[in-house]
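One-letter residues, chain by chain:
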Amino acid sequence: MSTQPATSKGAATRELILERAYAIACSAGLEGLSIGDLALAVGMSKSGVFAHFGSREDLQLAVLDSGGRRFGEKVLIPALRAPRGLARLRAITEYWFDWVRDNRQGCLIMGAVSEYDSRPGRLHDAVTALIQYWRDATARATAMAVETGELPAGTDPAQMSFEIFGIALALHQDIRLFDPQRARAQAECAMQRLLSLPSAAAAVASAHTPVA
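What you see is a predicted model; the values in this text were computed from it and never measured.

## Considering the environment of Gln 60
Then, number 1: Relative to the helices and strands, Gln 60 resides in helix α4 (residues 56-79).
Then, number 2: We classify Gln 60 as buried; its relative accessible area is 3%.
Then, number 3: Each C-alpha atom, one on Gln 60 and one on Ser 34, is 9.9 Å from the other, the two residues being 26 residues apart in sequence.
Then, number 4: In contact with Gln 60, not counting residues within four places along its chain, are Leu 30, Glu 31, Leu 33, Tyr 116 and Leu 123.
Then, number 5: Within the structure, the side chain of Gln 60 is placed 3.4 Å from the side chain of Glu 31, a separation counted as a polar contact.

## Quick word on the nonpolar core
Then, number 1: Counting residues in hydrophobic clusters, the biggest one holds 61 residues, and the most contacted among them are Leu 30, Val 63, Trp 96, Ile 109 and Trp 134.
Then, number 2: With residues up to four places along the chain from it excluded, the contact list for Trp 134 reads Phe 71, Leu 76, Trp 96, Ile 109, Met 110 and Phe 165.

## Overview of the packing of aromatic side chains
Then, number 1: Taken as a whole, this structure holds five aromatic pairs when the rule is applied.
Then, number 2: Aromatic side chains Trp 96 and Trp 134 sit 6.2 Å apart centroid to centroid with 80° between the ring planes, which places their arrangement in the edge-to-face category. Placement of the pair is Trp 96 in helix α5 (residues 86-102) and Trp 134 in helix α7 (residues 122-147), with a sequence separation of 38 residues.
Then, number 3: Judged by its relative accessible area of 6%, Trp 96 falls in the buried class.
Then, number 4: The ring of Tyr 22 has Arg 70 sitting right over it, with the charged end atom 3.8 Å from the ring centre.

## Focus on α4
Each α-helix winds once per 3.6 residues, and so residues spaced three or four apart point in a common direction.
Then, number 1: With 24 residues, α4 extends 34 Å between its outermost C-alpha atoms, agreeing within 8% with the 34 Å of an ideal straight helix rising 1.5 Å per residue.
Then, number 2: The largest bend in α4 amounts to roughly 45° and is located at Gly 72.

## So, the packing of α4 against helix α6 (residues 108-116)
Then, number 1: Put simply, α4 and α6 touch, their axes get as near as 9 Å, and they point 135° apart. Between α4 and α6, the crossing angle belongs to the class labelled oblique. Taken together, the residues of α6 that come into contact with α4 (itself represented by Gln 60, Val 63, Leu 64, Gly 67 and Gly 68) are Leu 108, Ile 109, Ala 112 and Tyr 116.
Then, number 2: When grouped by side-chain class, the residues that make up the contact of α4 with α6 number six nonpolar, three polar and no charged.

## Digging into the state of the cysteines
Then, number 1: Summed over the entire model, instances satisfying the criterion amount to zero disulfides.
Then, number 2: Summary of cysteine pairing: Cys 26 is not part of a disulfide, and the nearest cysteine sulfur, belonging to Cys 107, is at 7.1 Å.

## Considering the side chain of Glu 115
Then, number 1: Within the fold, Glu 115 resides in helix α6.
Then, number 2: Not counting residues up to four positions away in its chain, the partners in contact with Glu 115 are Gly 29, Leu 30 and Glu 31.

## Observations concerning the packing of α6 against α7
Then, number 1: Relative to each other, α6 and α7 sit at 130°, their axes nearing to 10 Å. By the angle class used here, α6 and α7 are oblique. Crossing of α6 over α7 shows left-handed handedness. Listed contacts from α7 to Ile 109, Met 110, Ala 112, Val 113 and Tyr 116 of α6 are Leu 123, His 124, Val 127, Leu 130, Ile 131 and Trp 134.
Then, number 2: Here the contact of α6 with α7 is composed, by residue class, of 10 nonpolar, one polar and no charged.

## Topic: the confidence of the model for the chain
Then, number 1: Taken over all residues, the pLDDT of the chain has a mean of 88, while the share at 70 or more is 89%.
Then, number 2: Contacts of residues 1-6 to residues separated by more than four positions or lying in other chains number zero contacts, the stretch itself having pLDDT below 50.
Then, number 3: Here residues 198-212 is a poorly scored stretch, pLDDT under 50, and it has 15 contacts once near neighbours within four places are set aside; other chains count.

Definitions and cut-offs
Residues numbered from 1 in each chain as written. Predicted model: local features only at pLDDT ≥ 70, side-chain atom pairs only at ≥ 80, totals over all residues. Heavy atoms only, no water. Helix = DSSP H or I, 4+ residues; strand = E, 2+ residues; numbered from the N terminus. Buried < 20%, exposed > 50% of the residue type's maximum accessible area, 1.4 Å probe, protein only. Contact = heavy atoms within 4.5 Å. Polar contact = N/O pair within 3.5 Å; in protein donor to acceptor, adjacent residues only side chain to side chain. Core = buried A, V, L, I, M, F, W, Y, C linked by side-chain atoms within 4.5 Å. Phe/Tyr/Trp six-rings, centres within 6.5 Å; stacked < 30°, edge-to-face > 60°. Lys NZ or Arg CZ within 6 Å of the ring centre and 35° of its normal. Expected span 1.5 Å × (residues − 1). Bend = angle between axes of the 7 residues up to and from the residue. Axes fitted to C-alpha atoms, helices over the stretch in contact; angles between N-to-C directions. Parallel < 35°, antiparallel > 145°, perpendicular 65-115°, else oblique. Nonpolar A, V, L, I, M, F, W, Y, C, P; charged D, E, K, R; others polar. Disulfide = S-S within 2.5 Å. Left-handed = near helix turned anticlockwise from the far one by under 90°. pLDDT = per-residue confidence, 0-100.

The following block contains the structure:
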């Protein structure tokens, strides 16, 4: 007898649980996830939820992974359609700013950074890996812009990625505290200044280069 129907149903149920858990975690954080409350929200028993994830930590990790996939689908993957070089780097930042705008009521990933940045364990490691992946993707886009000649050869991709990340974090904060349109305009202005004055990133790179 085929097990496909049962398997498909199980996968659909798991996705339903993840969807609800993601919504809860966006506002309450991953630490705000309760197996009991989640079971009530999806109309299941606690044992039913445990059957799909095994433990609360496994559920939290799955929700974090879901958040990372969502970011990739909304930001990184669409940006790959832009030509290699500065256009792709700009596309990453534009889609990233859109992500911040669309998640200004609560960003799961940024919330997870605050929750686990100083707490050793699997969740800390997963958050760190996720942020590092984003940093690396931005650094690669910067390196491509150097290869195309749109950014100077001395531009440090890691430093540029760091500064872009800083602008996105400032936008994430300001868009929730102050006027959203002004916050977005200031972030775009900061990006324009950064990409128009890449010598700042190059200077940091040269400052760390040992003198022969």
